[in-house]
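# Results of the structural survey
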Amino acid sequence: MSGPDLDVAPERPSSRTGQRALHIAAAAVVVVGVGVTVLRPLAPDLGPIPDPGRWFDAAYLEEAAAFRGPRYIVAALGLALRIAVPCLVAFTPLGRRLLARLVDRVGAHRPVLAATAVILAVVVATDLIVLPAAFWMGYIHDGAYGFRTQGLGGWLRDWLLASALAWGLVALLASAGWWLARRLPDIWPPVAGLSASVVLVVIVAAAPLVLEPLELRTEPLAEGSTRTAVENVVLASGEEINEIVVGDASRRSTRQNAYVSGLGATRRIVLYDTLIEAQPPPVVAQVVAHELAHHRNADLGRSTLLGAAGLILAAYGVQALMAARQRRGGGAPTDPRSAAVVLAIVVLMLVASHPVQNMVSRQLEAAADLGGLELTNDPVTFIEQRKAVTRANLGDPAPPRWAYLLWSSHPAGASRLEMGERWPQEWRGPVRP
């Protein structure tokens, strides 16, 4: 008759209380992230995408199709490779042999370092395999249509810089996550999810100060008629904006764009210099009105909270799937040889979530369109702006349904134009669910 195992300390009530508190905190972030997304200002359903021939001539639609069609195919190929490479490494005999060799070289006795090496090696290999597709789209195809303004050295430097930042973040998250999973095997999902959420908030808040300067040099919007038009729309909005700056996007491309970045004291509106130089002041002011509506609707903050909720759900999902795999005879979740399986699960989760993320994004973009119309009370300029920017970027005003679901973060161009035509007779003001 054996006695109690004196080597295993009983779990203390305070420890169980702390674990419950972590689970509750994680659940609260998920509820808040989903809640602020569901309860955000909405635009009415735009309905089916209308015929773009109402606003664009046949010659333009043919040119846009010639430009966008091959990009859809190459982008789909790139997406397939980003799924296939991690899955082949994780689930094929050859992939497992390569992983075992890498783990042996790094040292299985250093599991955190070995797991990080596995994940980083697969991510870097995937990026290198997809590089030809990215090069064709961003350098060759864009150059053929006059969008690219930088040479080969500049394009490769930008790709390497963006990739290196991503690889560094992957290495940081992988090592921290693996360390937590080994250190706190029962409670790591809420700890990892909450910690990653804090990192996400810091990145979003610090982006205008740290990340964006790596891509754009910015300066205040210069005095003149454009600045006057912009200041008038900002004054009419009643919103407090820290900065409205112009970024030198023309160093890389002729594409026209604008966006809101930062949180709190770092929040600002960035206008591409290509937009300022190509469009008249009323059109630029309409673009700013759209961005001000994003600011009023707190879209960046809401999206950050939703991203935090997604990170937490992903951590719990990885734990559940890896535990199920272990029950079926797979390796231990914290074995560094399982790192490629974890990465494959994360990649599949990300791909599966893209249509949902895009659906949410299209809703907030439509609400910002509607808010911009409310602010300027000028549907004629709104329609002019949408047509001008679509033409300048060779946008597809009515993309194929599959491409629309996979990649479109904005409503179809034709739908946005129809909104301008139907406002304010049918739509006036954002609605709430």
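On a predicted model such as this, the values are computed, not experimentally measured, just so you know.

### Description of the overall build of the protein
Within the protein, the secondary structure is distributed over 14 helices and 4 strands. Considered along the principal axes of its C-alpha atoms, the protein spans approximately 90 × 45 × 40 Å. The buried share among the 433 residues of the protein stands at 43%. If you take every contact in the protein between residues at least 6 apart in sequence, the share linking residues at least 24 apart comes to 81%. Of the accessible surface of the protein, which amounts to about 21,500 Å², a share of 64% is contributed by carbon and sulfur atoms. Here the protein contributes 39 positive and 36 negative side-chain charges, whose respective centroids are spaced 10 Å apart.

### Points about the packing of aromatic side chains
In the structure shown here, the tally under the stated rule is 10 aromatic pairs. Taking the centre distance of 4.9 Å and the plane angle of 65° together, the rings of F67 and Y145 count as edge-to-face. Of this pair, F67 sits in helix 2 (residues 58-91) while Y145 is found in the loop between helix 4 (111-144) and helix 5 (152-183), placing the two residues 78 residues apart along the sequence. On the numbers, 5.2 Å between centres and 50° between planes, the contact of F67 with F147 is tilted. Taken together, the residues F67 in helix 2 and F147 in the loop between helix 4 and helix 5 connect sequence positions 80 residues apart. Cluster of aromatic residues (ring-pair linked, three or more members): F67, Y145 and F147. Over the ring of Y60 we find R391; its NZ or CZ atom is 4.9 Å from the centre of that ring.

### Comments concerning the pairing of strand 4 (residues 268-272)
Within strand 4, 5 of the 5 residues are buried, which leaves the element mostly enclosed by the surrounding structure. Where strand 3 (residues 258-261) lies against strand 4, 4 bridges are found, and the strand directions are antiparallel. Note on strand 4: the bridge partner recorded for S261 is R268. Adjacent in sequence and paired antiparallel, strand 3 and strand 4 are bridged by 6 residues, among which G262 carries a positive phi angle near 85°.

### Quick look at the sheet that holds strand 4
Picture the strands of a sheet paired through backbone hydrogen bonds; they go either parallel or antiparallel. Strands sit in the order 1-2-4-3 across an open sheet of 4 strands; the sheet is mixed. With one partner strand each, in any of the chains shown, strand 1 (218-220) and strand 3 form the two edges of the open sheet. Strand-to-strand twist in this sheet, taken as the mean axis angle between neighbours without regard to direction, amounts to 30°. The sheet contact formed by strand 1 and strand 2 (residues 244-247) spans 3 bridges and is antiparallel. Pairing of T218 across the sheet is with G247, part of strand 2. The strands touched by helix 9 (residues 281-296) are strand 2, strand 3 and strand 4; relative to strand 4, the strand with the most contacts, the crossing angle is about 150°.

### Focus on the confidence of the model for the protein
When pLDDT is averaged along the protein, the result is 91, and 95% of the positions lie at 70 or above. Taken together, the stretch residues 1-10 has pLDDT below 50 and engages in 0 contacts with residues farther than four places along the chain or on a different chain.

Basis of the calculations
- Residues numbered from 1 in each chain as written.
- Predicted model: local features only at pLDDT ≥ 70, side-chain atom pairs only at ≥ 80, totals over all residues.
- Heavy atoms only, no water.
- Helix = DSSP H or I, 4+ residues; strand = E, 2+ residues; numbered from the N terminus.
- Buried < 20%, exposed > 50% of the residue type's maximum accessible area, 1.4 Å probe, protein only.
- Contact = heavy atoms within 4.5 Å.
- Areas by Shrake-Rupley, 256 points an atom, 1.4 Å probe, with all protein chains shown as cover.
- Lys, Arg positive; Asp, Glu negative; His and termini not counted.
- Charge placed at Lys NZ, Arg CZ, Asp CG, Glu CD.
- Phe/Tyr/Trp six-rings, centres within 6.5 Å; stacked < 30°, edge-to-face > 60°.
- Lys NZ or Arg CZ within 6 Å of the ring centre and 35° of its normal.
- Pairing = 2+ DSSP bridges.
- Axes fitted to C-alpha atoms, helices over the stretch in contact; angles between N-to-C directions.
- pLDDT = per-residue confidence, 0-100.

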